[in-house]
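Letter by letter, the chains look like this.
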Amino acid sequence: MKKHLCILTVLGGLAMADSQSITKSGELGGFKGDSKIFSGDVKVSMMFKSQSWRDFGGALVEFSKNARSAWHTHPAGQTLIVTQGEILTKVPGQKAVIAKKGDVISCPPNVRHFHGATDTSKGAHIAITQEKNGKNTEWLELVSDTEYKEALSEAKGE
């Protein structure tokens, strides 16, 4: 009987390790965007974290009009799914682009860029960010007002 109980306990433990889990909305908390890496009002709500079997995490990032991230890179890349409004994104040497609800922005590893809302619309996206050696983002300097305005004009074809 004890032998069978041990086997059932081990099998039960394996079944739990292979089970799905649900992270409830708001369970992981969130934070107001730090002024060292964001300009304007930005809210970040954590959705899910990386796990031993998943090398990426996810967050909902909400930008007020004119709010934006600092320049940054991702050592293992990032995918953004626009969920609301408009998201402006810019890579140096490439034309700035405005993505809208339902659009997906795919950023390969180590590409310098920024993203945020436009001057006429707030915006939100789900950020799915991969990790490399425990790191998902390399933050650089803030995007200046001039750089932001130039990117807006470029994206709007002005």
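Residues numbered from 1 in each chain as written. Predicted model: local features only at pLDDT ≥ 70, side-chain atom pairs only at ≥ 80, totals over all residues. Heavy atoms only, no water.

Asker: Summarise the overall build of the protein chain; cite the residues concerned and give the values.
Answerer: Per the secondary structure count, the protein chain includes two helices and twelve strands. The order of helices and strands in the protein chain, counted from the N terminus, is α-β-β-β-β-β-β-β-β-β-β-β-β-α. Counting only residues that meet the buried cut, the protein chain has 35% of its 158 residues in that class. For the protein chain, long-range pairs separated by at least 24 residues make up 70% of all intrachain contacts whose partners lie at least 6 apart in sequence. Accessible area of the protein chain: about 9,800 Å², with a carbon and sulfur share of 56%. (Helix = DSSP H or I, 4+ residues; strand = E, 2+ residues; numbered from the N terminus. Buried < 20%, exposed > 50% of the residue type's maximum accessible area, 1.4 Å probe, protein only. Contact = heavy atoms within 4.5 Å. Areas by Shrake-Rupley, 256 points an atom, 1.4 Å probe, with all protein chains shown as cover.)

Asker: Let's hear about the side chain of threonine 137: which residues, and what values?
Answerer: Inspection of the secondary structure puts threonine 137 in the loop between β11 (123-130) and β12 (138-139). Note on threonine 137: relative accessible area 13%, which makes it buried. In this structure the side chain of threonine 137 is engaged in a polar contact, spanning 3.4 Å, whose partner is the side chain of histidine 74. A polar atom in the side chain of threonine 137 sits 3.0 Å from the side chain of asparagine 136. Among all residues touching threonine 137, those that are not within four sequence positions of it are His72, Thr73, His74, Pro75 and Thr129. (Polar contact = N/O pair within 3.5 Å; in protein donor to acceptor, adjacent residues only side chain to side chain.)

Asker: Could you give an account of the environment of asparagine 110, naming the residues involved and the relevant values?
Answerer: Tracing the backbone through its elements, the reader meets asparagine 110 in the loop between β9 (104-107) and β10 (114-116). Taking relative accessible area as the criterion, asparagine 110 reaches 53% and is therefore assigned exposed. For the pair asparagine 110 and histidine 74, spaced 36 residues apart in sequence, the C-alpha separation works out to 5.2 Å. When near neighbours in sequence (up to four residues on either side) are disregarded, asparagine 110 contacts Thr73, His74 and Pro75.

Asker: Residue-level account of the pairing of strand β7 (residues 78-90), with values.
Answerer: Taken together, the four bridges between β7 and β9 define a ladder with antiparallel strand orientation. Residue pairing across strands places glutamine 78 opposite cysteine 107, the latter belonging to β9. Relative to β11, β7 is paired through seven bridges, and the arrangement is antiparallel. Residue glutamine 78 lies in a different strand from β11, and its bridge partner there is threonine 129. Here β7 pairs with strand β8 (residues 97-100) via four bridges, running antiparallel. Paired with isoleucine 87 across the strands is alanine 99, a residue of β8. Hairpin connection between β7 and β8: a loop of six residues separates the two successive antiparallel strands, and glycine 93 in this loop has a positive phi of roughly 85°. Sheet topology places β7 next to β10; three bridges connect them, and they run antiparallel. (Pairing = 2+ DSSP bridges.)

Asker: I'd like a description of the nonpolar core, backed by residues and values.
Answerer: Judged by nonpolar contacts, the single largest core of 14 residues is most densely connected at Val42, Val44, Val61, Phe63 and Ile105. Here isoleucine 105 is in contact with Gln78, Thr79, Leu80, Val82, Ile87, Thr89 and Ala99, once residues within four sequence places are set aside. Core analysis: the second largest hydrophobic core is formed by eight residues, Trp71, Leu88, Phe114 and Leu152 among them. (Core = buried A, V, L, I, M, F, W, Y, C linked by side-chain atoms within 4.5 Å.)

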